[in-house]
Amino acid sequence: PNGREILRLRSVYLEPWTRFASSAELLEQFDRGYLLGTLCRAMSWEHILKPQVASVRAEYARNAAVWLDLFREGIEDGVRLGA
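For the structure given in this document, a descriptive report is provided here.

1. Thoughts on helix 2 (residues 23-49)
Side chains of residues three or four places apart in an α-helix project in the same direction, reflecting 3.6 residues per turn.
Next up, step 1: Compared with an ideal rise of 1.5 Å per residue, which puts 27 residues at 39 Å, helix 2 spans 38 Å between its outermost C-alpha atoms and is within 8% of the ideal.
Next up, step 2: Those residues of helix 2 that fall on the buried side of the exposure criterion are L26, D31, L35, G37, T38, A42 and L49.
Next up, step 3: Packing partners of the buried residues in helix 2 comprise helix 1 (4-14) and helix 3 (54-76).

The following block contains the structure:
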């Protein structure tokens, strides 16, 4: 999430919204939204994998764990992505 290209894309995405809030406020809300998105992705992977056979679950189960790790790290870091 901290790659130069991603940070540039984030800036371009947020720019039209600066008429409603400051850049600092938008960045803070974006970080919170990104963190919430990681939790949603983890839950989606868990939901997708429930009806699958064990071999498929084993192959893709790491995806949910990765998104949960990103969520945990974000909470521990105080939701400061792109800093």
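2. Things to note about the environment of W45
Next up, step 1: On the secondary structure map, W45 appears in helix 2.
Next up, step 2: Overall, W45 belongs to the partly exposed group, its relative accessible area being 25%.
Next up, step 3: In this structure, the C-alpha to C-alpha distance between W45 and N2, residues 43 residues apart in sequence, is 23 Å.
Next up, step 4: In this view, W45 contacts Y60, N63, A64 and W67; residues no more than four positions away in its chain are not counted.

3. Remarks on the pattern of salt bridges
Next up, step 1: Overall, the coordinates contain 3 salt bridges when judged by the stated rule.
Next up, step 2: Put simply, R10 and D31 hold a salt bridge, and the shortest N to O gap is 3.8 Å. Remark: D31 occurs in helix 2 and R10 occurs in helix 1; sequence separation between them is 21 residues.
Next up, step 3: Residue class for R10 comes out buried when judged on its relative accessible area of 12%.
Next up, step 4: A salt bridge links R32 to E28, with the nearest nitrogen and oxygen atoms 3.2 Å apart.

Analysis parameters
- Residues numbered from 1 in each chain as written.
- Predicted model: local features only at pLDDT ≥ 70, side-chain atom pairs only at ≥ 80, totals over all residues.
- Heavy atoms only, no water.
- Helix = DSSP H or I, 4+ residues; strand = E, 2+ residues; numbered from the N terminus.
- Expected span 1.5 Å × (residues − 1).
- Buried < 20%, exposed > 50% of the residue type's maximum accessible area, 1.4 Å probe, protein only.
- Contact = heavy atoms within 4.5 Å.
- Salt bridge = Lys/Arg side-chain N within 4 Å of Asp/Glu carboxyl O.

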